[in-house]
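# Notes for the structure review
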Amino acid sequence: MTVFAQSASGIFQWSWVQRNLDAIWDRTLEHVYLTAVAIGVGFVISLGLSLVALRWRRAYQPITLVTGLLYTIPSLALFAFLVPVTGLSVLTAEIGLVSYTLLILIRNMVTGINEIPSDVIESADGMGYTRSRRFWEIEVPLAMPVIITGIRIATVTVIGLVTVTSLIGLGGLGFFILRGLQTFSSPIGTTQIIVGTALSVFLAVAADLSLSGIQRLLTPWASRKEAK
Amino acid sequence: MIELRDVTKTFPGTDSPAVHRLNLTINKGEIVVLVGPSGCGKTTTLRMINRLVEPTSGSIVVGGTDINDLAGHELRRGIGYVIQQIGLFPHRTVRQNIATVPSLLGWDDTRISERIDELVDIVDIDTELLDRYPSELSGGQRQRIGVARALAADPTVLLMDEPFGAVDPIVRARLQEGLLTLQQRLQKTIVLVTHDIDEAILLGDRVAILNVGGHLEQYDTPAEILRSPANDFVADFLGSDRGIKRLSLIPISDIPLDVGPVVSFDASRAEVDRVMAEFGIDWIAIGSSGRLDGWVLASEIPASGKVSDATLRPFETRLDISDDLKQALDAVVSSHTSVAAVFDGEHYLGMLTMETISREIIQ
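With that settled, the discussion passes to the packing of helix α13 (residues 325-333) of chain B against helix α14 (residues 354-362) of chain B. The relative placement of two packed helices comes down to the angle between their axes together with the axis-to-axis distance. Residues and elements named next belong to chain B. In the contact formed by α13 and α14, the axes pass within 10 Å of each other and the chain directions differ by 145 degrees. Here α13 runs over α14; the crossing is left-handed. Contacts from L325, A328, L329 and V332 of α13 reach α14 at M354, I357 and E360. Residue classes in the contact of α13 with α14 are distributed as six nonpolar, no polar and one charged.

Contact residues are listed per partner, giving 19 residues for chain A and 21 residues for chain B. Contributions of two or more residues to the side of chain A that touches chain B are made by α7 (118-127) and α8 (131-162) of chain A. Top element by residues in the side of chain A that touches chain B is α7(A). It accounts for seven residues. Of the residues belonging to the side of chain A that touches chain B, the class tally is eight nonpolar, five polar and six charged.

On to the domain arrangement of chain B, then. Residues and elements named next belong to chain B. Partitioning chain B into domains gives domain 1 (2-247) and domain 2 (252-362). The C-alpha-based centres of domain 1 and domain 2 are spaced at 44 Å. Each partner contributes to the interface: domain 1 provides four residues, whereas domain 2 provides seven residues. Split into classes, the residues belonging to the side of domain 1 that touches domain 2 amount to two nonpolar, one polar and one charged.

Residues and elements named next belong to chain B. Within the chain, D154 stands out as a residue other than glycine whose phi angle is a positive 55 degrees. By secondary structure assignment, the location of D154 is in the loop between α6 (139-151) and β7 (157-161). Taking the number of C-beta atoms within 10 Å as the measure of exposure, D154 has 14 and is therefore partly exposed. In this model, Q187 sits at a positive phi of 50 degrees, which is unusual for a non-glycine residue. Assignment of secondary structure puts Q187 in the loop between α7 (169-186) and β8 (189-194). We classify Q187 as exposed; it has 12 C-beta atoms within 10 Å.

Moving on, we come to the nonpolar core. One finds A:L97, A:V158, B:V33, B:L159 and B:V191 to be the most contacted residues of the largest nonpolar core, which totals 103 residues. With sequence-adjacent residues up to four places away left out, A:L97 is seen in contact with A:L34, A:A38, A:V158, A:L161 and A:V162. Counting residues in each nonpolar core, the second largest holds 30 residues, with B:V307, B:A340, B:V342 and B:M351 among its members.

Attention shifts here to the confidence of the model for chain B. Predicted coordinates in areas of low pLDDT are best not read in detail. Taken residue by residue, chain B gives an average pLDDT of 90. The fraction at 70 or more is 100%. For this predicted complex, the interface confidence score (ipTM) comes to 0.80, while the overall pTM stands at 0.79.

Moving on, we come to the sheet that holds β8(B). Residue and element names in this part refer to chain B. Strand order in this open sheet of six strands is β6-β7-β8-β3-β9-β10, and the pairing throughout is mixed. Two strands in the sheet have a free side with no partner beyond their single neighbour: β6 (79-83) and β10 (215-220). Along the sheet, successive strands turn relative to each other by an average axial angle of 15 degrees, direction set aside. Pairing of β6 with β7, which is carried by five bridges, proceeds in the parallel orientation.

Moving on, we get to the sheet that holds strand β4 (residues 57-62) of chain B. Residues and elements named next belong to chain B. The four strands are arranged β2-β1-β4-β5 in an open sheet whose pairing can be described as antiparallel. Looking at the sheet topology across the chains shown, the edges are occupied by β2 (19-26) and β5 (65-66). Contacts from helix α1 (residues 42-49) reach β1 (2-9), β2 and β4 within the one sheet, and its direction differs from that of β1 by about 120 degrees.

About the thresholds
Residues numbered from 1 in each chain as written. Chains lettered and ligands numbered in written order. Predicted model: local features only at pLDDT ≥ 70, side-chain atom pairs only at ≥ 80, totals over all residues. Axes fitted to C-alpha atoms, helices over the stretch in contact; angles between N-to-C directions. Helix = DSSP H or I, 4+ residues; strand = E, 2+ residues; numbered from the N terminus. Left-handed = near helix turned anticlockwise from the far one by under 90°. Contact = placed C-beta atoms within 7 Å. Nonpolar A, V, L, I, M, F, W, Y, C, P; charged D, E, K, R; others polar. Domains from an automatic or database assignment. Buried ≥ 20, exposed ≤ 12 C-beta atoms within 10 Å, placed from the backbone. Core = buried A, V, L, I, M, F, W, Y, C linked by C-beta atoms within 7 Å. pLDDT = per-residue confidence, 0-100. Pairing = 2+ DSSP bridges.

Laid out in structure tokens, this is it:
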């Protein structure tokens, strides 16, 4: 027991946390900010591309091909390519982060719309909906659960990825992880790694839970059980 | 009310037309059923009337207006439409679903909610359902809501594509009855598509029998089609029980009824023997004018006794004057006495026998 307690205090120092509360708070805000911007911009771009893919079916394959390619590029390499062009900036970070959201968001938007039962579409047409009203009033609301699921996955992914942007001087909570790695052997180093990792995980869980709450609020019809 | 003139539809990428030079006139206030095997173009024909499918050639006039004079979505807001899977909007409550077309037409909230109150009454919907979502409804309930939604803006024309296809037979029978009751009250012009000839006979004022490729084989009242099918295709399609099907269209009130082998309680054995010999039976019914109390077996009447000495058995199969001959046939074959007693309320009218019924089939 004593051995464990000693080694635990050897890798984690509360005193460091207490001394650095302001910095931790600032980095957490930065983390949230980088994530929110990435999801916001990613959502707008994905919405545009999804509309294109739904309007012209043949565009869907090329769009998923390109966004799929972006998704597979290792994040480290992507930032390495971008730095010579856009520098060590928020722009560089966001270009990278946004690229990783596109595939997830677009695929969920398009699938969400395409999976709407055909009888619903037919009855909407039969009732006299115009094409655009049908899309915004029937199809989009019905695709909402799938679209929000996409946003949840993208958000959790981006929260994890933000830590990598520490390599270009940002990183949110990743800043502590990177600095901790540089001083790994000292208790201060491991403390920083633990703080950065734990808070990043906490952010991801909190974001996922609140988005799932929003999902239930926006789509009350989807959570009610079948009668019979 | 609806006039199809030389209507042809050839779908892109197919050689033979789905519907070929179809002419059909549908009168105001009647139910016309389009029936035929799959591939006969019945659904295509229906969908051309509200322009969900555009005809390749020919013209369709609804209520005096060529349907091409209106934008498709405007035309469709004026025509009720019910499909097999109903297609209720899952994200909207029953109330919102019913309000679909009135909302599209821009009615104000007061007018919409007054109209929903009317429809709840007309289509017989439980008001508790109004704030539920479609996923919380049974199949029969969904179907009713679908009909209410189609009637919401009070269209004169209602198009129904296999409207009862997705519910079980018991619910279907109830819904079919419901549609006929509704129609008596509303007098809509209804075009209904089905593949079920029995449904066509039950619901149709007139039935259009279509063959593959959209050829109209016969268009007439169900009774006339059953009496004289235009050709072998129609006869085959009606099935070998065509005679029995016809019986369902003949009300008992059309048939002259015999009072039958009825004697009074104090009739003697001798009188009973005389009546039984006349009818060729071994039982006798007991009653007086306008009354039927039951029947007894002859073997239970003592030779020197009276009818009242035997055990009185009730007629278990009673028919009402509003029933049809198919129900009468069922009653006759399942009765001990091979007759069915017909009543008007409690008033006894007479008996139907197998002979009377088969005389109608042969006619």
